[in-house]
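# Coordinate analysis (summary)
Residues per chain are reported as follows:
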Amino acid sequence: MSEAYFDCTTSWTIVASEDCRQGSGQIQVFLMHKEQLSYLGEQKVSLLHVSLFIKRWIRSRSVSRCWHRHHSLCCNLCITYPKGSENLFYELSSINNRLSIANQISFHPLPSQRESSSTVKMESRSRSMNKLINSIVWPLLLLFLIHGSHCFYLPGVAPEDFQKGDPLKVKVNKLTSIKTQLPYSYYSLPFCPPGKIVDSTENLGEVLRGDRIENSPYVFKMHEPQMCSVLCRITLDAKTAKQFKEKIGDEYRVNMILDNLPLVVPIRRSDQDSSVVYQLGYHVGLKGQYAGSKEEKYFIHNHLSFTVKYHRDSQTDSSRIVGFEVKPYSIRHEYEGTWNEKTRLTTCDPHNKRTVVNSNTPQEVEANNEIIFTYDVEYQESDVKWASRWDAYLLMNDNQIHWFSIVNSLMIVLFLSGMVAMIMLRTLYRDISRYNELETQEEAQEETGWKLVHGDVFRPPSNSELLCVYVGTGVQFLGMVLVTMIFAVFGFLSPSNRGGLMTAMLLLWVFMGIFAGYASARLYKMFKGAEWKKIAFRTACMFPGIVFAIFFVLNALIWGQKSSGAVPFGTMFALVLLWFGISVPLVFVGGYVGFKKPAIEDPVKTNKIPRQIPEQAWYMNPTFSVLIGGILPFGAVFIELFFILTSIWLNQFYYIFGFLFLVFIILLITCAEITIVLCYFQLCSEDYLWWWRSYLTSGSSALYLFLYATFYFFTKLEITKLVSGLLYFGYMLIASYAFFVLTGTIGFYACFWFTRLIYSSVKID
């Protein structure tokens, strides 16, 4: 017996019979779909040659058939076949077009001529069932136990193989500017249009980001370089010239996509290692002055030199795209005679090997000027594999800064942990021991410290319903952020899936509504509340309503600027439908379940008459202590916050979710610990109004976040337009509000647990 090892490049599963005889066999090809088998054909063949042919056929297929096209499992298997088979050949191509999903191929020995037809049928059925079981069970075992990790692709991101001459679809995306933060569709400028503009299907996150992906007139064919291909010729009028000048002045960039890779401009650094960094998209044009003139002119990039990088598979001779780069040039094209489709340019002629290598004679943007758009296409083989093609986009050269951020945050946590440990293990232990050893009435009357307020510490606070609403909303937000982080860390929210992060966050927010309703109803019942439906409705509508109102105003401003970033009415309706159709009912379901649970019992009884709070020291003033409490949580995250703001407002990728997840865990610990420390000091000063202060103490870090965002606006951004400034501060206000709800809820629950723990540990008559 011999074995032939097959790589996982197709959804075929091949199983050989153990009792195959030497010589010819019988092949049976089945089409598997929804647990039904349909017989396609059989023919006497040589097992050896069938195996060799299938091996060659598998290698010629695209890997994307495994997941992207058929959504079927694939795995590595071995084919066993006898030596010395006859030289027969079975042509599988005749049935290739009839197979649409995973196929099961089984080899069976020919039945003996002495066997009766009934025996043949019975054995054939028995063998078919055995082969069916083997072909389903063993591939699955092999998939999960041996080579499963090498065969897994997320739906929609499977690689696509290209042969020479295959067309490559170049798509155009929005025009972006870090100066205005207002995206526009590509064809809002009079660029060369295709015969028919076709919009690509976009997910919810892409629409909210302002992406508008459309087809383009660029014609690429794999492994077929092009030189000075003429795209179109236009003549500017006063209106179009003004449009180009405005976009060039605002430093707008053109974004394109090829095989789901964004177009980048490589820029070599001037430092010692001369490393290459990539900027997303190329500028529409540039501003400059002619030599000897002080008048500023506008020039357009009308010649694009594209470089398509590919990785070749030596076995299949197919290629996968791993890079899409461009070098833009501005050149005033010239030609002889009158313009027609066959006119040859004198400034860029592939026949004379004359190409564009600089912008020494730039194309000026003025009314009545003629502009000819051209492009080159070059193909470069790369050692970068398809699975690593995003590394260049996501390469972070400042990992040391992120590690510094982690170390800085850990030092804060260690400092707070030491304080909490000292309070819990020393001070509290001493207090509890002393309180439990009090014997005489006189000693009991001389109680001091936090035990003195045991009869008031669990008294419901003022505006308790509002506190329940905010706590429930914080639980909803915490669940959304935590699950999103976990998915991002495991790579499910890759930048290759544009809009995936925002879509996931919105959907998780909607479905986490059930936890919001549960948390708010449980707390509301502890406060002796009875109208749980009112609390559930306020929980479902308050935070989303405020955010939606701000978002609606900002969207109206964007719409007034005729930007593609304005959310269409259909998408707005979909958001409202998600809110009231899914989130609100889930909040009510959670509220119903939470209110049906037994009420949380207080560890000590509450006095009927509230105790008077003594005059507090200046450093225990509520405003001062709240503002102090927010500094350390903000200090634990502000370095990472810089990179997040940079990725959002300077149009860069952020994909270091491992660092971010560590910082997020540190934030949770910091918020909990600082709230516990300040809550203990507050109770020791006989101030029992801790409910709202615990929420505001850690929640005040949102104030510092907004102040830092203001500092970032004036020091890092070049936004000058009023609308763009309003957009920035509007969105940062929403982010700060969400951060307040998240951190406030963490601090509240930490203090809630702490107070219940210490007051349940002392003997109180």
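Residues numbered from 1 in each chain as written. Predicted model: local features only at pLDDT ≥ 70, side-chain atom pairs only at ≥ 80, totals over all residues. Heavy atoms only, no water.

A separate point is the overall build of the protein chain. In terms of regular secondary structure, the protein chain is built from 19 helices and 21 strands. When contacts within the protein chain are restricted to residue pairs at least 6 apart in sequence, those whose partners lie at least 24 apart make up 80%. Within the structure as shown, the protein chain displays about 38600 Å² of accessible surface, and the carbon and sulfur contribution to it stands at 58%. (Helix = DSSP H or I, 4+ residues; strand = E, 2+ residues; numbered from the N terminus. Contact = heavy atoms within 4.5 Å. Areas by Shrake-Rupley, 256 points an atom, 1.4 Å probe, with all protein chains shown as cover.)

With 26 residues, helix 9 (residues 464–489) ought to run about 38 Å at 1.5 Å a step, and its terminal C-alpha atoms sit 37 Å apart, in line with that. Backbone geometry just downstream of helix 9 places Gly 491 in the positive-phi region, at approximately 85°. (Expected span 1.5 Å × (residues − 1).)

Glancing now at the environment of Thr 539. Following the sequence through the fold, Thr 539 ends up in helix 12 (residues 532–560). Accessibility expressed as a relative area gives 0% for Thr 539, which makes it buried. C-alpha separation for the pair Thr 539 and Gly 472, spaced 67 residues apart in sequence, amounts to 6.6 Å. Not counting chain neighbours up to four residues away, the residues in contact with Thr 539 comprise Val 469, Gly 472, Thr 473, Ala 516, Ser 520, Pro 544 and Val 587. A distance of 2.7 Å separates a polar side-chain atom of Thr 539 from the backbone oxygen of Ile 535. (Buried < 20%, exposed > 50% of the residue type's maximum accessible area, 1.4 Å probe, protein only. Polar contact = N/O pair within 3.5 Å; in protein donor to acceptor, adjacent residues only side chain to side chain.)

Glancing now at the confidence of the model for the protein chain. The share of residues in the protein chain with pLDDT of 70 or more is 74%, and the mean pLDDT across the chain is 75. Predicted confidence is poor over residues 1–156, with pLDDT under 50, and the contacts of this stretch with residues over four places away or in other chains come to 247 contacts. (pLDDT = per-residue confidence, 0-100.)

Looking now at the nonpolar core. Counting residues in hydrophobic clusters, the biggest one holds 104 residues, and the most contacted among them are Leu 683, Trp 690, Trp 691 and Tyr 759. Sorting elements by how many residues they give to this core places helix 19 (residues 722–759) first, with 17 residues. Contact partners of Trp 691, with chain neighbours within four places excluded, come to Val 457, Phe 458, Arg 459, Pro 461, Leu 467, Met 526, Phe 527, Phe 748 and Phe 752. Core analysis: the next-biggest nonpolar cluster, separate from the first, contains 55 residues, Val 170, Leu 175, Tyr 187 and Tyr 379 among them. (Core = buried A, V, L, I, M, F, W, Y, C linked by side-chain atoms within 4.5 Å.)

Take the state of the cysteines next. Tallying each qualifying case throughout the model produces two disulfides. Covalent S-S linkage joins Cys 192 and Cys 232, the inter-sulfur distance amounting to 1.7 Å. Handedness here is read from the sign of the S-S torsion; for Cys 192 and Cys 232, about -70°, the answer is left-handed. In this pair, Cys 192 is assigned in the loop between strand 8 (170–176) and helix 4 (204–209) and Cys 232 in strand 11 (residues 226–235), connecting sequence segments 40 residues apart. This pair shows no difference in class: Cys 192 is buried, exactly as Cys 232 is. The disulfide that involves Cys 228 links it to Cys 348, with 2.1 Å between the sulfurs. Here the residue Cys 228 occupies a position in strand 11, and Cys 348 occupies one in the loop between strand 20 (319–329) and strand 21 (370–381), the gap between them amounting to 120 residues. Given the relative accessible area of 7%, Cys 228 is considered buried. (Disulfide = S-S within 2.5 Å.)

Among the 11 residues that make up strand 20, 10 are buried, leaving the element largely enclosed by the rest of the structure. What sits between strand 19 (residues 303–312) and strand 20 in their antiparallel hairpin is a turn of six residues, with Asp 317 showing a positive phi close to 65°. (Pairing = 2+ DSSP bridges.)

So, on to the packing of helix 14 (residues 622–629) against helix 17 (residues 691–699). Running from N to C, helix 14 and helix 17 point in directions that differ by 40°, and their axes come no closer than 6 Å. Taken together, the axes of helix 14 and helix 17 lie oblique to each other. Crossing hand, helix 14 versus helix 17: right-handed. Between helix 14, through Pro 622, Ser 625, Val 626 and Gly 629, and helix 17, the contact on the second element is made entirely by Arg 693, Leu 696 and Thr 697. When its residues are assigned to classes, the contact of helix 14 with helix 17 shows three nonpolar, three polar and one charged. (Axes fitted to C-alpha atoms, helices over the stretch in contact; angles between N-to-C directions. Parallel < 35°, antiparallel > 145°, perpendicular 65-115°, else oblique. Left-handed = near helix turned anticlockwise from the far one by under 90°. Nonpolar A, V, L, I, M, F, W, Y, C, P; charged D, E, K, R; others polar.)

Take a nonpolar patch on the surface next. A cluster of nonpolar residues, Leu 482, Ile 486, Phe 487, Val 489, Phe 490, Phe 492, Ile 665 and Ile 669, forms a patch on the protein surface that exposes about 670 Å² of accessible area. For the nonpolar patch, the elements supplying multiple residues, two or more each, are helix 9 and helix 16 (657–684). Take the nonpolar patch: its biggest share by element is four residues, from helix 9. One can find Phe 490 in the loop between helix 9 and helix 10 (500–511). Its relative accessible area of 63% is what places Phe 490 among the exposed residues. (Patch = residues over 30% accessible without salt bridge, like charges linked within 9 Å, V, L, I, M, F, W, Y side chains within 5 Å. Salt bridge = Lys/Arg side-chain N within 4 Å of Asp/Glu carboxyl O.)

Okay, the packing of aromatic side chains next. Going through the model one piece at a time under the given rule, you end up with 54 aromatic pairs. Seen in terms of ring centroids, Tyr 290 and Phe 299 are 5.5 Å apart; in terms of plane orientation they differ by 90°. Their pairing is edge-to-face. Given the relative accessible area of 34%, Tyr 290 is considered partly exposed. Of the aromatic side chains, those joined through ring pairs into one cluster are Tyr 470, Phe 477, Trp 509, Phe 543, Trp 692, Tyr 695, Tyr 737 and Phe 740. Above the plane of the ring of Phe 595 lies Lys 525, whose end atom (NZ or CZ) is 5.2 Å from the centre. (Phe/Tyr/Trp six-rings, centres within 6.5 Å; stacked < 30°, edge-to-face > 60°. Lys NZ or Arg CZ within 6 Å of the ring centre and 35° of its normal.)

So, about unusual backbone geometry. Phi at His 223 is positive, roughly 65°, even though this residue is not glycine. Along the chain, His 223 falls in the loop between strand 10 (220–221) and strand 11. One non-glycine residue, Lys 528, lies in positive phi territory at about 65°. Following the sequence through the fold, Lys 528 ends up in the loop between helix 11 (513–526) and helix 12. Residue Lys 528 is classed as exposed on the basis of its relative accessible area, which comes to 68%.

Let us look at the environment of Val 308. Mapped onto the elements of the fold, Val 308 is located in strand 19. Val 308 sits in the buried class, given a relative accessible area of 0%. Between the alpha carbons of Val 308 and Glu 325 there is a distance of 6.5 Å; along the sequence they are 17 residues apart. Ignoring sequence-local partners within four residues, the contact set of Val 308 consists of Phe 220, Leu 258, Ile 321, Gly 323, Phe 324, Val 377, Glu 378, Tyr 379 and Gln 380.

With that settled, consider the pairing of strand 8. With six of its seven residues buried, strand 8 lies for the most part within the structure. Relative to strand 12 (residues 253–258), strand 8 runs antiparallel, the two sharing five bridges. Note that in strand 12 the partner of Val 172 across the bridge is Met 256. Of the strand pairs in this sheet, strand 8 and strand 9 (residues 214–215) are connected by two bridges, and their pairing is antiparallel. Bridging across to strand 9, Lys 171 finds its partner in Asn 215.

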